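Observations on the three-dimensional arrangement
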Amino acid sequence: MVFWGNEVGRDVPIAPSQFLQRWNVRRRDGDIAPYPHLLLPTIRDGSIVGMFMKAAVLHGKEQIVIEEIAPAPLKAGEVRIAIEAALTCGTDLKVYKRGYHARMIVPPAVFGHELSGIISEVALDVVGWNFGDRVVVANSAPCGECFYCQHQQENLCDDLLFLNGAYAESIVVPPRLVQKNVLRLRPETSFVDAALTEPFACVVQGLNDCAPKPGQHALVIGSGPIGLMFARLLKHNGCRVTVAGRGQSRLKAARHLGADDVIEVRDNSSMIEGLKAVRFDLVIEAVGKPETWEAAVQLVRKGGVVNFFGGCPSGTAVQFDAGRLHYSNITLLASFHHTPRTIRRALELIESGIIRANDFVDGEWPLTKLPELFRSMAAGNRAVKTLVRVHE
Ligand SMILES: [Zn+2]
Ligand SMILES: [Zn+2]
């Protein structure tokens, strides 16, 4: 068996003994080598002098630098995942524009949080995971001990531990995530499908919270990846679905995913005008703007449910007619994040083919060009989701 390493653009063979010695890889039935590109040792004069990996480091507002960094050695309880698929997300774009996210990421840090891959190294005390396991990992794990965790509201855990670093060749997964939110993939599940698990789990959470019944008519405001996933899942639950959004290609995608009606939105007042005659049992706001929150309340029927799924920045104020809320008996709720249960349910739905990356991922970029990709996303390139290729 020969492993291949990278020496300034040239591949050179490495003896497995060197590889094993350097990385203490736990062997499973002697089967250790289906993924020769997992590790990239630097070779000088035929011997390993160090390891490095390419990673996109966020340094602050709109500042991404592709760096070659030394992967951290594993500590007890950790595993390393060689990343096979990393996807862009609206949250990453928000973080890029803002330069930080108080709870999720403090720069400088490797960022990106939707990923799947292959376990390439396992700390010696880790049980149940092996080199070569194909996995997806969520972007957070709850503590399991606080009030919210004890009441099955782990999405609200007081001490959620976040994981960032999808835009890199590998990532170290801390013990809490290894124990709670690393999931094994079926052999036939593609990495890019699996990488949708995290955003889709948020959608599963949102749908569980509003518990739609078959035959109900749902309006989804927003045709980004989240709005499109809602359309698909509502359809799968037997609802009639209308999607209101911007961009012909996204509305076409909504139709393709089963939306019964699509409405091109030019401005909020014409959207409300055009839809107010329809009796929507359920309205999902998947934009995250105060004006669409307000529109959602105006578009739901008496006795209906509104889910404010799109988050607005803290401090944002919205106005509702209290009379309408009360005398029309409207239920307002706002779903946030996911739990270990919805993460598992999301992967199950992905593996049963309900959600496929083909319907959401409409571009592919190399990791080295990530700064350009985020510049074009910030300028509004209208891509739904982009697959970031970390092995070039
Ligand atoms: Zn995301
Ligand atoms: Zn907790």
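See the structure above.
First, a word on what this report is: a plain description of the structure on this page.

Here's the deal with the overall build of the protein
From N to C terminus, the protein includes 13 helices and 22 strands. Within the protein, buried positions represent 45% of all 392 residues. In the protein, the share of contacts with a sequence separation of at least 24, taken over all contacts with a separation of at least 6, comes to 67%.

Some words on the packing of helix H9 (residues 268-275) against helix H10 (residues 290-299)
For the pair H9 and H10, the least separation of the axes is 10 Å and the interaxial angle reads 15 degrees. It follows that H9 is roughly parallel to H10 by the angle criterion. Read as a crossing pair, H9 and H10 show a hand that is right-handed. Facing Asn 268, Met 271, Ile 272 and Leu 275 of H9, the residues of H10 in contact are Glu 291, Thr 292, Ala 295, Gln 298 and Leu 299. Broken down by class, the residue content of the contact of H9 with H10 amounts to five nonpolar, three polar and one charged.

Structural notes on the sheet that holds strand S17 (residues 261-264)
The strand order across the open sheet built from six strands is S17-S16-S15-S18-S19-S20, with neighbouring strands paired in parallel fashion. Only two strands of the sheet have a single neighbouring strand rather than two, namely S17 and strand S20 (331-333). Strand-to-strand twist of the sheet, defined as the mean angle between neighbouring strand axes without regard to direction, takes the value 15 degrees. Pairing of strand S16 (residues 240-245) with S17 involves four bridges; the strand directions are parallel. Bridge pairing in S17 places Thr 242 opposite Asp 261. The sheet contacts of helix H7 (residues 225-236) involve strand S15 (217-221), S16 and strand S18 (280-285), and relative to S16 the element is tilted by about 170 degrees. Across the sheet, H10 touches S15, S18 and strand S19 (300-308), and the angle it forms with S19 is around 155 degrees.

Things to note about the sheet that holds strand S5 (residues 53-60)
One open sheet accounts for three strands, arranged S6-S5-S8; its pairing is antiparallel. Two strands lie at the open edges of the sheet, namely strand S6 (63-69) and strand S8 (109-110), each paired on one side alone. Where S5 meets S6, seven bridges bridge the pair, whose relative direction is antiparallel. Following the sheet pairing, Lys 54 is matched in S6 by Glu 68. In the packing of helix H13 (residues 370-378) onto the sheet, the strands contacted are S5 and S6, and the crossing angle to S6 comes to about 160 degrees.

Comments concerning the environment of Arg 184
By the element assignment, Arg 184 lies in strand S14 (residues 182-184). Separated by 163 residues in sequence, Arg 184 and Leu 347 place their C-alpha atoms 9.5 Å apart. Not counting chain neighbours up to four residues away, the residues in contact with Arg 184 comprise Asp 133 and Val 135.

Some details on the environment of Val 278
Here Val 278 lies in the loop between H9 and S18. With 13 C-beta atoms packed within 10 Å, Val 278 lands in the partly exposed category. Sequence separation between Val 278 and Arg 301 is 23 residues, and the spatial gap between their C-alpha atoms is 8.2 Å.

Some remarks on the packing of helix H2 (residues 90-98) against H13
Interhelical geometry of H2 versus H13 gives an angle of 95 degrees and a closest axis separation of 10 Å. Taken as axis vectors, H2 and H13 run roughly perpendicular relative to one another. Touching Leu 93, Tyr 96 and Lys 97 of H2 are Phe 374, Met 377 and Ala 378, all from H13. Its residues assigned to classes, the contact of H2 with H13 comprises five nonpolar, no polar and one charged.

A few points about the environment of Phe 374
Tracing the backbone through its elements, the reader meets Phe 374 in helix H13. Classification of Phe 374 as buried rests on a count of 26 C-beta atoms within 10 Å. Measuring from C-alpha to C-alpha, the distance between Phe 374 and Tyr 96 comes to 7.7 Å, with 278 residues separating the pair along the chain. The contact partners of Phe 374, leaving out residues within four places of it in the chain, are Ile 64 and Tyr 96.

Criteria and cut-off values
Residues numbered from 1 in each chain as written. Chains lettered and ligands numbered in written order. Predicted model: local features only at pLDDT ≥ 70, side-chain atom pairs only at ≥ 80, totals over all residues. Helix = DSSP H or I, 4+ residues; strand = E, 2+ residues; numbered from the N terminus. Buried ≥ 20, exposed ≤ 12 C-beta atoms within 10 Å, placed from the backbone. Contact = placed C-beta atoms within 7 Å. Axes fitted to C-alpha atoms, helices over the stretch in contact; angles between N-to-C directions. Parallel < 35°, antiparallel > 145°, perpendicular 65-115°, else oblique. Left-handed = near helix turned anticlockwise from the far one by under 90°. Nonpolar A, V, L, I, M, F, W, Y, C, P; charged D, E, K, R; others polar. Pairing = 2+ DSSP bridges.

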